[in-house]
Amino acid sequence: MFKELIDRASTCLASGLPFVLYSKPNSGILYAIFQKNDAIHFVDDFMETGFVFAPFDLNSKSVLLIADEMGNTTVALDSVPLRTDSKRDLLDESNKEQYLDSVIKAIDEITHGEIDKVVLSRKIEVDCKVAPIRVFQRVLKSYPDAFCYLWHHPKIGTWLGATPEILIKSKGSEFTTMSLAGTQNSVDFDRPIWTKKELNEQQMVTDYIVDSLKDIAISIETSEVESTKAGLLWHLRTKINGQFAPNNFGKVLRAIHPTPAVCGTPLNKAKIFILKNELYDRRFYTGFLGELNFKSDLSRNRNKRNQENSAYRSVAKTSELYVNLRCMQLHLDKARLYVGGGITIDSDPEMEWEETVSKSKTMLHVLRHK
């Protein structure tokens, strides 16, 4: 069945039909959605059903793949060994000066009180002679603990990624989201020691999400801060659980996206700074993607003695959406990788550059793996 789904996706790529292949973190299952024609469907109010692919800026349109055909199969969770590449000449440093200048400008804005934090990103373009399907198979083997995907629409493009960050999960009126910030390299798999800058950055994200949801959610609870590992990197994470009123899922989405983890605070000022200083269009990088309003059994009667009530079940809408980090856009024989980092008053420009280099290795690994 795995080969059948892979072959079907290859046929769609060749014939220009939309599809998505994806695997949820540690699930061991590959899912596939195929759309029967090349029509572009857009999301209106996030009440629709399908696989959504949303941009960084929700003022732009979110794309919905219609699940005309679906399939799934098991995949092995055994990962190939991850390795770092010490050859810095293999990394694209052509835009280093521009990125350092933008970080310096951001620190100056923060020092003068214009913004508290801003997330600056950059794109890296490298040669890619490997077929998208093959790259995706490498991603599956390398990052079983991430949300891995290959998304294609002939009128929009081909995107691929392995993201560690869930934006939101919902089932009925209950939801779970998280704040994820701070980044350190894994060193012999030891747990990291976090700096004041990283801890403050994480708290900013948590506070923003809770504050954004306080007038929408019926209830909100936060967990303790924890360290979580994704590929070659460690991050700080706080889980946030809550409940929203009926038909308010779209409002919840718009309230939490984008978070300070991908934009900054205050949100509007940070976004203006990004648009002025990044000098490129993020498009779907730092947007979100995943299952939107799929149907699921909310509960079942497992009492064998009461067969009459077993005929009834409650069906709920479920969504599982991930932030589009650690991703690339594939076009012809090129791959455009996207990386970024949060800038605060404690940031050091050279260290911020090094953080983007570390993050780029997640995708460079699968492009260069033999």
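For the structure, see preceding data.
Given the structure is predicted, the values throughout are model-derived calculations rather than measurements.

Peer 1: Account for the pattern of salt bridges, naming residues and giving values.
Peer 2: Side-chain pairs of opposite charge can arise whenever the charged atoms involved come near each other. Under the counting rule described, the total for this entry stands at 16 salt bridges. In this structure, Lys 169 and Glu 320 form a salt bridge, with 3.9 Å as the shortest nitrogen-oxygen distance. With Lys 169 in strand β10 (residues 166–171) and Glu 320 in strand β17 (residues 314–323), this pair connects stretches of sequence that are 151 residues apart. The network of salt bridges with shared partners includes Lys 24, Lys 169, Glu 291 and Glu 320.

Peer 1: Outline helix α6 (residues 267–277), supporting the account with residue identities and numerical values.
Peer 2: All buried positions along α6 are accounted for by Leu 267, Ala 270, Lys 271, Phe 273, Ile 274 and Asn 277. What you see down the axis of α6 is that its buried residues fit within an arc of 160°, all on one side. Of the exposed residues in α6, those oriented more than 90 degrees away from the buried face are Asn 268, Ile 272, Leu 275 and Lys 276. Looking at the buried residues of α6, the elements they touch are α2 (96–111), β7 (117–127), α4 (196–213) and β15 (264–265).

Peer 1: Provide a residue-level description of the side chain of Lys 24, including the pertinent values.
Peer 2: By secondary structure assignment, the location of Lys 24 is in the loop between β1 (19–23) and β2 (29–34). With relative accessibility at 14%, the residue Lys 24 sits in the buried group.

Peer 1: Talk me through the packing of aromatic side chains; I want residue IDs and the actual numbers.
Peer 2: In the structure shown here, the tally under the stated rule is 19 aromatic pairs. Here Phe 19 and Phe 34 contribute two aromatic rings whose centre-to-centre distance is 6.5 Å and whose plane-to-plane angle is 35°, an arrangement assigned as tilted. Taken together, the residues Phe 19 in strand β1 and Phe 34 in strand β2 connect sequence positions 15 residues apart. Assigned by exposure class, Phe 19 and Phe 34 land together as buried. Across the ring face of Phe 42, the terminal group of Lys 61 is positioned such that the distance to the ring centre comes to 4.7 Å.

Peer 1: Account for the packing of α2 against helix α7 (residues 349–368), with residues named and values stated.
Peer 2: One way to put it is that α2 packs onto α7 with a least axis distance of 9 Å and a crossing angle of 125°. When the axes of α2 and α7 are compared, the pair comes out oblique. The chirality of how α2 crosses α7 is right-handed. Between α2, through Lys 96, Tyr 99, Leu 100, Val 103, Ile 104 and Ile 107, and α7, the contact on the second element is made entirely by Pro 349, Glu 350, Glu 352, Trp 353 and Thr 356.

Rules of the game
- Residues numbered from 1 in each chain as written.
- Predicted model: local features only at pLDDT ≥ 70, side-chain atom pairs only at ≥ 80, totals over all residues.
- Heavy atoms only, no water.
- Salt bridge = Lys/Arg side-chain N within 4 Å of Asp/Glu carboxyl O.
- Helix = DSSP H or I, 4+ residues; strand = E, 2+ residues; numbered from the N terminus.
- Buried < 20%, exposed > 50% of the residue type's maximum accessible area, 1.4 Å probe, protein only.
- Arc of directions from axis to C-beta.
- Contact = heavy atoms within 4.5 Å.
- Phe/Tyr/Trp six-rings, centres within 6.5 Å; stacked < 30°, edge-to-face > 60°.
- Lys NZ or Arg CZ within 6 Å of the ring centre and 35° of its normal.
- Axes fitted to C-alpha atoms, helices over the stretch in contact; angles between N-to-C directions.
- Parallel < 35°, antiparallel > 145°, perpendicular 65-115°, else oblique.
- Left-handed = near helix turned anticlockwise from the far one by under 90°.

Fair warning: the whole summary comes from geometry, so function is off the table for now.
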